[in-house]
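Notes for the structure review
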Amino acid sequence: MMPVNELFSEQDRNAIYAFFETRERWHDIVRWRTLEHGPVDTIFYGDSIFEIWPTAEAFPELSHLNRGIGGDNINGLYFRLDEDIFPNAPRRVVINIGINGIEREFNDSVNRLKYVAGLMRERGIEVWLNSIAPLRSPDAWNRFQYQDKIVELNRVNREIFEREFAGFIDLHSVLRDSTGQLAAEYARPDGTHWTFEAYREASKVVRRALMPES
């Protein structure tokens, strides 16, 4: 577990680990950490979008681990760096985070994400960021009100990750409809999570970014 600091407080740590204890996925990952394995090329690191993403089927030729946990936020990504990222020494990490905690102050969100990515970059890890996807109204968590903020966060984070890190993967433009919402054919009833068709299209975009030769 990473130490608390000026950005990530003891309260943040206690809250996210209390949440993790309620998630079966978290307990699965704790068990998976005990398995022996060879080198890992890529880790998919984030929230439920990655937890649900069938990465083994979408990228079968890629040596990877999927460390998505539904409900996770940037605090969780920070505190489990030395549990899920650093011990595996991946060549590359792809982050999908941001919708949980979207109500957080804008600059604080950007700074926390940049800090976490920077810690990985210091270890020689290539860091990519997925855009936050659009939502579809009505959404189950009353976050549709943040659609414009999602667009602006994506704009700012794109500039940062294209300038300072490996790159930014724009899934927002692929999954939205003409009104800016998550397209109907890509949205589950909760307005946040994706259908299999959404994952099919998103996987094409991720593949082009990570494996342009394939």
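Scroll up to find the structure this text is about.
In short, a report on the structure.

What counts and what doesn't
Residues numbered from 1 in each chain as written. Predicted model: local features only at pLDDT ≥ 70, side-chain atom pairs only at ≥ 80, totals over all residues. Heavy atoms only, no water. Helix = DSSP H or I, 4+ residues; strand = E, 2+ residues; numbered from the N terminus. Buried < 20%, exposed > 50% of the residue type's maximum accessible area, 1.4 Å probe, protein only. Polar contact = N/O pair within 3.5 Å; in protein donor to acceptor, adjacent residues only side chain to side chain. Core = buried A, V, L, I, M, F, W, Y, C linked by side-chain atoms within 4.5 Å. Contact = heavy atoms within 4.5 Å. Pairing = 2+ DSSP bridges. Axes fitted to C-alpha atoms, helices over the stretch in contact; angles between N-to-C directions. Right-handed = clockwise from strand over helix to strand, strands pointing away. Parallel < 35°, antiparallel > 145°, perpendicular 65-115°, else oblique. Left-handed = near helix turned anticlockwise from the far one by under 90°. Nonpolar A, V, L, I, M, F, W, Y, C, P; charged D, E, K, R; others polar.

**Topic: the side chain of Asp84**
Its location among the elements puts Asp84 in helix 6 (residues 81-85). By relative accessible area, which is 0% here, Asp84 ends up buried. Within the local environment of Asp84, its side chain forms a polar contact with the side chain of Arg33, the two groups lying 2.8 Å apart.

**Here we look at the nonpolar core**
Judged by nonpolar contacts, the single largest core of 42 residues is most densely connected at Leu81, Ile85, Ile95, Met120 and Phe161. Considering each element in turn, this core owes the most residues, six residues, to helix 7 (residues 106-122). Contact partners of Ile95, with chain neighbours within four places excluded, come to Tyr45, Phe50, Leu77, Leu113, Met120, Val127, Trp128, Leu129 and Asn130.

**Structural notes on the sheet that holds strand 5 (residues 167-169)**
The five strands lie next to each other as 2-1-3-4-5, forming an open sheet whose pairing is parallel. Edge positions in the sheet fall to strand 2 (64-68) and strand 5, since each has one partner strand and no second. For this sheet, the mean angle separating the axes of adjacent strands, direction not counted, is 20 degrees. Strands in contact with helix 7 are strand 3 (92-96) and strand 4 (126-130); relative to strand 4, the strand with the most contacts, it is inclined by about 150 degrees.

**Let's talk about the pairing of strand 4**
Counting buried residues along strand 4, four of its five residues qualify, which places the element largely inside the surrounding structure. Where strand 3 lies against strand 4, four bridges are found, and the strand directions are parallel. Note that in strand 4 the partner of Ile95 across the bridge is Leu129. Assessed by its sense of winding, the connection that carries the chain from strand 3 through helix 7 to strand 4 is right-handed. Sheet analysis places strand 4 next to strand 5, joined by three bridges and oriented parallel. Counted as the bridge partner of Trp128 is Gly167 from strand 5.

**Considerations on the packing of helix 7 against helix 8 (residues 147-164)**
It is at 11 Å that the axes of helix 7 and helix 8 come closest, and there the two elements cross at 30 degrees. For the element pair helix 7 / helix 8, the angle class is roughly parallel. Relative to helix 8, helix 7 is oriented so that their crossing is right-handed. Taking contact as the criterion, the partners of Phe106, Ser109, Val110, Leu113, Lys114, Ala117 and Arg121 in helix 7 are, on helix 8, Lys149, Glu152, Leu153, Val156, Asn157, Ile160, Phe161 and Glu164. Considered class by class, the residues forming the contact of helix 7 with helix 8 number eight nonpolar, two polar and five charged.

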